[in-house]
Amino acid sequence: MPFTLATWNINSVRLRAGLVEKLLREEGPDVLCLQECKSPVDKIPADLFSALGYGHMIARGQKGYNGVAILSKLPIEDVGDMDFAGLGHARHVAGRLENGVVIHNFYVPAGGDVPDRAVNEKFGQKLDYLTEMRDWFHGDRPEKAILVGDLNIAPREDDVWSHKQLLKVVSHTPIEVEHLGQAQEAGGWVDVTRADIPEGQLYSWWSYRARDWDAADKGRRLDHVWATADIANAGHGSRILRDVRGWEKPSDHAPVFAEFDL
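The following paragraphs examine the structure supplied in this document. (Residues numbered from 1 in each chain as written. Predicted model: local features only at pLDDT ≥ 70, side-chain atom pairs only at ≥ 80, totals over all residues. Heavy atoms only, no water.)

Side note on the overall build of the protein chain
Okay, step 1: Looking only at helices and strands, one finds 7 helices and 14 strands in the protein chain.
Okay, step 2: At 17 Å, the protein chain has a C-alpha radius of gyration in line with the 18 Å of a compact globule built from 262 residues.
Okay, step 3: In terms of principal-axis extent, the alpha carbons of the protein chain reach across some 45 × 45 × 35 Å.
Okay, step 4: For the protein chain, the proportion of its 262 residues judged to be buried stands at 53%.
Okay, step 5: Working note: accessible area of the protein chain is about 11,400 Å², and carbon and sulfur atoms make up 47% of it.
Okay, step 6: The positive charge centre, built from 30 side chains, and the negative charge centre, built from 40, are 6 Å apart in the protein chain. (Helix = DSSP H or I, 4+ residues; strand = E, 2+ residues; numbered from the N terminus. Rg over C-alpha atoms; globule rule 2.2 N^0.38 Å. Buried < 20%, exposed > 50% of the residue type's maximum accessible area, 1.4 Å probe, protein only. Areas by Shrake-Rupley, 256 points an atom, 1.4 Å probe, with all protein chains shown as cover. Lys, Arg positive; Asp, Glu negative; His and termini not counted. Charge placed at Lys NZ, Arg CZ, Asp CG, Glu CD.)

The structure is reproduced here in structure tokens:
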């Protein structure tokens, strides 16, 4: 069963429902995973998405913060969520397609501005979250699974505009990269995007702070598509829709796509 999957930090699904609609109309992925929905589940405009053919939605939400949702043309079963680091945040939800593939949608904590857990509680929470992800994958090693989302870490040197200048900036510090790598290794996850696009600068996020984000191009690849090794070879067609970052009143993230022949 071939299907196209996309992940997008939408930065408020209600505020940007029109952008979600535009993406669904123009690109038509079979499954769209959204992060930072910033909405209780009952306030997500599910009827709008259903009218476009996305009759299935599983989500976890809260007012004003966090929130994850999976919109699907294909039947999908809610198989739960995890509250890593005990934060009480809506940051994970999982669904199972009829072909048995489990899709995990993650929104890893951003971690604040200072990469030191002694003075920044949020950074410690981020590291603890990643550690508990690692331990979960160790204890219950995933199979036939896809993990997507805003993982808030750009792990490779060519996942950021300047490796040297960002080494002490949250999202690219060595300790974050190490923690993410341990979680990836524990689950046997393959970075599908980089398997498809192994070389070159690649970004999915550009700060709102840049007056001309496109010209400055100081991006980071914070949004990821992973698959377990048993199905990773079925993934292909990876792309990041950079132009979406330039839509009117956009999210600061661009959608990341991949196709799977399963």
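Section: the layout of surface pockets
Okay, step 1: Within this model, the largest pocket holds a volume of roughly 1,100 Å³.
Okay, step 2: Together, 39 residues line the largest pocket, and Ala 110, Gly 112, Asp 113, Asn 152 and Trp 205 are the ones closest to its centre.
Okay, step 3: For the lining of the largest pocket, the secondary structure elements donating two or more residues are helix H3 (121-139) and strand S10 (205-206).
Okay, step 4: The element best represented in the lining of the largest pocket is H3, accounting for 3 residues. (1 Å grid on protein atoms, 1.4 Å probe; cavity = no way out; pocket = protein on both sides within 12 Å on 5 of 7 lines; lining within 4 Å. Points joined across faces, edges and corners; volume = space filled by probe spheres on them.)

Focus: the sheet that holds strand S13 (residues 235-240)
Okay, step 1: Spatial strand order, S3-S4-S2-S1-S14-S13: 6 strands in an open sheet with mixed pairing. Edge positions in the open sheet fall to strand S3 (56-60) and S13, since each of these has one partner strand only. Sheet twist, expressed as the mean angle between neighbouring strand axes with direction ignored, is 15°.
Okay, step 2: As defined by bridge partners, strand S1 (residues 2-9) adjoins strand S2 (residues 31-35) across 5 bridges and the pair is classed as parallel. Residue pairing across strands places Trp 8 opposite Leu 34, the latter belonging to S2.
Okay, step 3: Here helix H1 (residues 17-27) sits on the sheet in contact with S1, S2, strand S4 (68-72), S13 and strand S14 (256-261), set at roughly 155° to S2. (Pairing = 2+ DSSP bridges. Axes fitted to C-alpha atoms, helices over the stretch in contact; angles between N-to-C directions. Contact = heavy atoms within 4.5 Å.)

None of the figures reported here should be taken as evidence of function without further support.
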